[in-house]
Amino acid sequence: MEAAIFLPIFIIGVLTIAYLIKFMAIQERVFHALTDEARALSAEAVLTPLGALNFEAALKSRLYSENDIMISNVDLDQFHYLYADGTYGMISMDLNYDVDVRLPLQFYSPMPVSESLMFRAFIGKTMDQENVSLAELEKEKESHLVWIFPTAGKKHHDKDCIYIANEPMETSMTAAIKRSYDACKLCESKNMVNGSTAYVFTKSGKVYHRGSCPIVDKYVTSIEKEEAQRKGYSPCSKCGGG
Ligand SMILES: [Zn+2]
Ligand SMILES: [Zn+2]
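Conventions and cut-offs
- Sequence order as written defines the numbering, with residues in each chain counted from 1.
- Following the order in which they are written, the chains are lettered starting with A and the ligands numbered starting with 1.
- At least 70 in pLDDT is required for a residue's local features to be given in this predicted model, at least 80 for side-chain atom pairs to be given and counted, and no such filter applies to totals for whole chains, interfaces and linings, which use all residues.
- Just so you know, side-chain values use all the structure's heavy atoms and leave hydrogens and water out.
- Each metal site lists N, O and S donors within 2.8 Å (3.2 Å for Na, K and Ca). With water left out of the atoms, a site can look as if it is missing ligands.
- Every angle between 85 and 135 degrees makes a four-donor site tetrahedral, while opposite donors more than 155 degrees apart, with all other angles between 65 and 115, make a four-donor site square planar and a six-donor site octahedral; other sites are irregular.
- The secondary structure listing takes helices from DSSP runs of H or I that are at least 4 residues long and strands from runs of E that are at least 2 residues long, numbered from the N terminus.
- Exposure is judged per residue with a 1.4 Å probe applied to protein chains only, and the accessible area is read against the type maximum: over 50% gives exposed, under 20% gives buried, and values in between give partly exposed.
- Centres within 6.5 Å are what make two rings of Phe, Tyr or Trp a pair, Trp counting through its six-membered ring; a difference in plane orientation under 30 degrees is then read as stacked, over 60 as edge-to-face, and the rest as tilted.
- Either the NZ atom of lysine or the CZ atom of arginine qualifies as a charge over a ring when it sits within 6 Å of the ring centre and within 35 degrees of the ring normal.
- Note on pairing: DSSP must find at least two bridges between two strands before they are called paired.
- What makes two residues a contact is simply this: any of their non-hydrogen atoms within 4.5 Å.
- Whenever a nitrogen or oxygen atom comes within 3.5 Å of another N or O atom, the pair is scored as a polar contact, on the condition that within protein one atom can donate a hydrogen and the other can accept it, and that pairs from neighbouring residues in sequence are kept only if both atoms are in side chains.
- His residues and chain termini do not enter the charge count, which takes Lys and Arg as positive and Asp and Glu as negative.
- The term salt bridge refers to a side-chain nitrogen of Lys or Arg lying within 4 Å of a carboxyl oxygen of Asp or Glu.
- The predictor rates its confidence in each residue with pLDDT, a number between 0 and 100.

Here's the deal with the coordination of the zinc ion (ligand 2)
The zinc ion (ligand 2) binds to the protein through Cys 184 (SG), Cys 187 (SG), His 209 (ND1) and Cys 213 (SG), with metal-donor distances spanning 2.0 to 2.4 Å. Between the 4 donor atoms coordinating the zinc ion (ligand 2), the angles at the centre fall across 96 to 125°, so the site counts as tetrahedral. Mapping the donors of the zinc ion (ligand 2) onto the primary sequence yields the spacing C-x2-C-x21-H-x3-C. Taken together, the positions of Cys 184 in the loop between strand 7 (182-183) and strand 8 (197-200) and Cys 213 in the loop between strand 9 (207-209) and strand 10 (221-224) put the pair 29 residues apart, joining distant regions of the chain. As far as burial versus exposure is concerned, Cys 184 and Cys 213 are alike and both buried.

A few points about the packing of aromatic side chains
Applying the stated criterion across every chain yields a total of 5 aromatic pairs. Over the ring of Tyr 233 we find Lys 154, and its NZ or CZ is 4.3 Å from the ring centre. Directly above the aromatic system of Phe 149 lies the positively charged group of Lys 218, at a separation of 5.0 Å from the ring centroid.

Digging into the sheet that holds strand 6 (residues 169-172)
The strands making up a sheet associate through backbone hydrogen bonding, with each pair oriented either parallel or antiparallel. As summarised here, the arrangement of the 4 strands in space is 6-8-9-7, forming an open sheet in which the pairing is mixed. In the strand order of this sheet, the two ends are held by strand 6 and strand 7, each with one partner.

Some thoughts on unusual backbone geometry
At Asp 68, a position not held by glycine, the phi torsion is positive, near 50°. For Asp 68, a relative accessible area of 52% puts it in the exposed group. The backbone of Glu 188 shows a phi angle near 50°, a positive value even though the residue is not glycine. Its place among the elements puts Glu 188 in the loop between strand 7 and strand 8. Residue class for Glu 188 comes out partly exposed when judged on its relative accessible area of 46%.

A few points about the environment of Lys 159
Tracing the backbone shows Lys 159 in the loop between strand 5 (155-157) and helix 4 (162-165). For Lys 159 and Gly 241, which are 82 residues apart along the polypeptide, the C-alpha to C-alpha distance reads 8.9 Å. Here Lys 159 is in contact with Trp 147, Ile 164 and Lys 203, once residues within four sequence places are set aside. Here Asp 160 takes part through its side chain, which lies 3.5 Å from a polar atom of the side chain of Lys 159.

Structural notes on the sheet that holds strand 5
As summarised here, the arrangement of the 4 strands in space is 10-4-5-11, forming an open sheet in which the pairing is mixed. Single-partner strands in this sheet number two, and they are strand 10 and strand 11 (234-235). Alignment of strand 4 (residues 145-148) against strand 10, held across 4 bridges, turns out to be antiparallel. By the bridge assignment for strand 10, Trp 147 is matched with Ser 222.

Notes on the coordination of the zinc ion (ligand 1)
Coordination sphere of the zinc ion (ligand 1), protein contribution only: His 157 (ND1), Cys 161 (SG), Cys 236 (SG) and Cys 239 (SG), at 2.1 to 2.4 Å. One can describe the donor arrangement at the zinc ion (ligand 1) as tetrahedral, given that its 4 donor atoms subtend angles of 100 to 126° at the metal. Written as a sequence motif, the donor arrangement for the zinc ion (ligand 1) is H-x3-C-x74-C-x2-C. Overall, the relative accessible area of 25% leaves Cys 239 in the partly exposed class.

Some remarks on the side chain of Glu 115
Residue placement: Glu 115 occurs in strand 3 (residues 111-120). Buried and unpaired, Glu 115 has Arg 29 as its nearest opposite-charge partner, separated by 12 Å. Once residues lying within four places of it in the same chain are set aside, the contact partners of Glu 115 are Gln 27, Phe 31, Leu 34, Met 93, Asp 94, Leu 95 and Tyr 97.

Overview of the confidence of the model for the protein chain
Summing up the model confidence of the protein chain, the mean pLDDT is 83 and the portion of residues at 70 or higher is 87%. Put simply, helix 3 (residues 134-138) is where the protein chain has its lowest mean pLDDT, 59, and strand 11 is where it has its highest, 94.

Description of the environment of Lys 231
Inspection of the secondary structure puts Lys 231 in the loop between helix 6 (225-230) and strand 11. For Lys 231, a relative accessible area of 44% gives the class partly exposed. Residues Lys 231 and Lys 154, 77 residues apart in the sequence, show an inter-C-alpha distance of 8.9 Å.

Below, the structure written as C-alpha cells:
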C-alpha cells in the first residue's frame, strides 16, 4: 500500500531532477556556442564586416548539430551589428529557442528560452590607419573630432566654424536623412540607396545631393583631430581648429 503511493511520487521526482539537469546542460551548451560564435564575429570585425551576413545561419546550424532534436525554433532576433551606442562598434542580439528534453514518458513540454547578448566588436582602428598596440587600445581614448575639407585646403575646423557652416557634409545615406532633408531635383538624389555617400547641406538649404551634383563643389567631413594632424592639417586661424 505504502509503496503504491510512494513509487509514482518517487518516479516523478527522479524525472524532474533528470529533466532539470538535462535542461541546464542544453542551456549551458547553447550559451557557450552563442558566445563562442559571437567572439569570432567580434574578432573578425577588424578584418571584414561580412562575417555578420552569415552569422545567423552558421549559429543555427551549429546549435542544431550540437543539440540534435533537443532544441527547436531557434531564432536570432534584434541582431544589430556595429552600431554606435556611446562608442562605435556595438553588436547586440537576442537568441530564442525551445528546449525539448526527451524523457521516456514525454512528461514535459518544450520550454522556451531567451538569451540576450551585447558587446563591443574588436574593430581596432579603421583599415586605412596604422595598427596600434593592445596596450594603446586598452587605454580609454576620447574621441575628438574636427572638420576638414578633404578636397580643398589643409586646415582643420571646429564644428561651429563659419568656414564650414554653409558647406555640405559628407555622410552615409540613411532613411533618417531622407525624412529630415529634401532631395535635390538636379541630381535626382531621391533615388539614392541607403548606405551610399551623400552630401547634406545641414545649415543652409536642408537638401541632400549626390557627389556628382554640380552644387557640391567642396564638402566637409569629420575626422579625429589626431589623425588630421598626422595628415598635415593645421588649425584654422578663425576658429582655432576645434
Ligand atoms: Zn575654422
Ligand atoms: Zn544635387
